[in-house]
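# Coordinate analysis (summary)
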Amino acid sequence: MKAHLPIVILGMLSIAVAAQQKAEKSNMDLVGYSDLQARSAYQPTIHKQGQRWIAYIGHHGGTQLNPLTGKQENNGTSIVDVTDPKQPKYLAHIPGEPAAPGGGESGGAQMARVCDGSQLPRADKNKVYLLRTFGGSAHEIWDVTDPAKPNRVTVVVSGLRDTHKSWWECDTGIAFLVSGLPDWRTRRMTQIYDLSDPSKPVFIRNFGLPGQQPGSTGSVPTELHGAMSTGPKGNRIYFGYGTGANGIVQIVDREKLLKGPKEPTEANLVYPQVARLDLPPDAGAHTTFPLLGMQVAEFSKQKLRPGTAAAAGVEHDHDDAAPPDRTQARRDFLVAVGETTANECLENRQMVRMLDITTESKPFGVASWTVPESSGNYCGRGGRFGTHSSNENFTPIYYGRVLFVAHFNAGVRALDVRDPLQPKEIAYYVPALTDKTDKRCVGTGADQRCKIAIQTNNVEVDDRGYIYIVDRANTGMHILELTGPARRVANFQ
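As a starting point, this report considers the structure included with it. Keep in mind the model is a prediction, meaning the values are calculated, not measured. (Residues numbered from 1 in each chain as written. Predicted model: local features only at pLDDT ≥ 70, side-chain atom pairs only at ≥ 80, totals over all residues. Heavy atoms only, no water.)

### Examining the overall build of the protein
For the protein, the count of helices and strands is 6 helices and 33 strands. Relative to the compact-globule value of 23 Å for 493 residues, the protein shows a C-alpha radius of gyration of 22 Å, a close match. By principal-axis analysis of the C-alpha atoms, the protein measures approximately 80 × 50 × 50 Å. The 493 residues of the protein split such that 57% are buried. The contacts of the protein with a sequence gap of at least 6 include a subset with a gap of at least 24, amounting to 59%. Approximately 20,100 Å² of the protein is accessible, and the part contributed by carbon and sulfur atoms is 52%. (Helix = DSSP H or I, 4+ residues; strand = E, 2+ residues; numbered from the N terminus. Rg over C-alpha atoms; globule rule 2.2 N^0.38 Å. Buried < 20%, exposed > 50% of the residue type's maximum accessible area, 1.4 Å probe, protein only. Contact = heavy atoms within 4.5 Å. Areas by Shrake-Rupley, 256 points an atom, 1.4 Å probe, with all protein chains shown as cover.)

Structure follows, in structure tokens:
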């Protein structure tokens, strides 16, 4: 016993020192904070309800005490009033699915999307609706008109193997749900529903990559992670498959997807596809964020060769409002962000990868970005180091100017993307550890070692310009704002 005592003491000391870590920042300041009842957090969605701003945060599986009810509750959805970002007020918690023993990300209610009934075509105009996952087994609709008193409206679909990062168009009601149907050959694919009347879901079709559908043979392509839609006007959906390896980026014609033949044959699955890019084995596609109509100043004087597709303007035929640009300056990009999945740099690091999709049928990589590991000894801090996701709000304050990227133990990073060929970091914020921050481990048994580490999981912004980051290791939600030169890159009126 005496021989092991110094090791134990050393471990205790290292944890004590780590707990004193201060926040690290550059051109970004903390505005407000909520501990989210020490629940492991995934997706924050910020929604303006009347004169209030409400944050809906989806959680990974687990159990914590809810002080509002005095009960231990399965992690689900936190609802927080952030009208005054300096003093967030926790309003309610909707319990999620119980986590399976040793089930990794099982349980909880990771995903949250919110739409006003006044915007949905056939909904009750006086209500506000939450679309959320229920663990891996179902998608649900909740009435959150009074965010402190949520009520479940209906279950959209149940009996699933898994769920994840869904997308809901509030102006049309069309929802692209990440689901796992038992008869499909992949853990996650797309189910499309018309939720224009959230109380009466209407199934449209199932969709995935050829080889994933029931009855197919051969190898199975990488499972879906999530999608982003530009709606009827943009007529494109950007799908990301895979998180940390064997990623696939798919561009789909929205109208053909919704109105084309729906039986999941190989031909019908390919029919709406505009392009598919298979990434290298070490690259994933967690988030696919479009940057369309970017004016690249470097090429403002560069003329296009006569007779090329670009010179004819056909590369922008998905955007009827955009006139052809006879220079090389106007270009479309897609930001593909992979998710690092292993602690302490024991697997391939994921990065921001910039794809040029000006000629949609031939996307190609033009730039990449990552936090330099040596800038903070991040491999030695514990937990994951590498990218996870970008913000998903298209607010004009930031769109085409600043992109925010969650980078696990390197916190949140702000990139100047006005020149997508050369993304540059202009700000960052790494939260301080708290007494609620959980440990992250590598190895097993006698070889296991654990460290307490910040794990900034996802990031979102609101239409006021505030930045919201949530932590995978139970640290909570931080509300931030840009300062100094970084703030001047944004488009604050």
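### Topic: the sheet that holds strand 10 (residues 128-134)
Reading across the sheet, the 4 strands line up as 9-10-11-12 and stay open at both edges, with antiparallel pairing between neighbours. In this open sheet, the two strands that pair with only one neighbour each are strand 9 (112-116) and strand 12 (151-157). Each adjacent strand pair in this sheet contributes to an overall mean axis angle of 25°, direction not counted. Bridge count between strand 10 and strand 11 (residues 138-143): 6 bridges; the pairing is antiparallel. (Pairing = 2+ DSSP bridges. Axes fitted to C-alpha atoms, helices over the stretch in contact; angles between N-to-C directions.)

### Brief notes about the pattern of salt bridges
Taken as a whole and assessed by the stated rule, the structure comprises 26 salt bridges. Asp35 is the salt-bridge partner of Lys436, the closest N and O atoms lying 3.6 Å from each other. Highlighted residues: Lys436 in the loop between strand 28 (424-430) and strand 29 (439-442) and Asp35 in the loop between strand 2 (28-34) and strand 3 (41-49), separated in sequence by 401 residues. Overall, Lys436 belongs to the partly exposed group, its relative accessible area being 32%. The salt bridge involving Glu140 is made with Arg132; its shortest N-O contact spans 2.9 Å. In this structure, Glu140 and Arg132 share a single accessibility class: buried. In this structure, a network of salt bridges that share partners links the residues Asp162, Arg187, Arg188 and Glu223. (Salt bridge = Lys/Arg side-chain N within 4 Å of Asp/Glu carboxyl O.)

### Considering the sheet that holds strand 23 (residues 352-356)
Within the open sheet, the 4 strands sit side by side as 21-22-23-24. Their pairing is antiparallel. In this open sheet, the two strands that pair with only one neighbour each are strand 21 (287-295) and strand 24 (364-369). With strand direction ignored, the average angle separating the axes of adjacent strands in the sheet is 25°. Sheet analysis places strand 22 (residues 330-337) next to strand 23, joined by 5 bridges and oriented antiparallel. If you follow Phe333 over to strand 23, its bridge partner there is Asp356.

### A few points about unusual backbone geometry
In terms of backbone geometry, most residues other than glycine have negative phi values and most peptide bonds are trans. A positive phi angle, close to 60°, is found at Ala38, a residue other than glycine. Among the structural elements, Ala38 can be located in the loop between strand 2 and strand 3. The exposure class assigned to Ala38 is buried, which follows from its relative accessible area of 11%. A positive phi angle, close to 50°, is found at Phe408, a residue other than glycine. Mapped onto the elements of the fold, Phe408 is located in strand 26 (residues 402-408).

### Let's talk about the environment of Leu257
By the secondary structure assignment, Leu257 is in helix 3 (residues 254-259). The exposure class assigned to Leu257 is buried, which follows from its relative accessible area of 0%. Between the C-alpha atom of Leu257 and that of Gln273, which follows or precedes it by 16 residues, the distance is 8.3 Å. Look past the residues within four positions of Leu257 in its chain and what remains in contact with it is Phe176, Ile192, Arg205, Phe207, Ile237, Phe239, Val252 and Pro272.

### Quick word on the state of the cysteines
Under the counting rule described, the total for this entry stands at 3 disulfides. One disulfide bridge connects Cys345 with Cys379, the sulfur atoms lying 2.0 Å from each other. Residues Cys345 and Cys379 share a disulfide whose torsion about the S-S bond is about -90°; that sign makes it left-handed. Here the residue Cys345 occupies a position in the loop between strand 22 and strand 23, and Cys379 occupies one in the loop between strand 24 and strand 25 (385-390), the gap between them amounting to 34 residues. (Disulfide = S-S within 2.5 Å.)

### Some words on the nonpolar core
Nonpolar side chains in soluble globular proteins tend to end up buried together. With 39 residues, the main nonpolar core has Phe176, Phe239, Leu257, Leu291 and Val335 as its most contacted residues. When neighbours within four sequence positions are excluded, Val335 is seen to be in contact with Thr287, Thr288, Phe289, Leu291, Val352, Arg353, Met354 and Leu403. Phe404, Val461, Ile469 and Val489 belong to the second-largest nonpolar core, a separate cluster that totals 20 residues. (Core = buried A, V, L, I, M, F, W, Y, C linked by side-chain atoms within 4.5 Å.)

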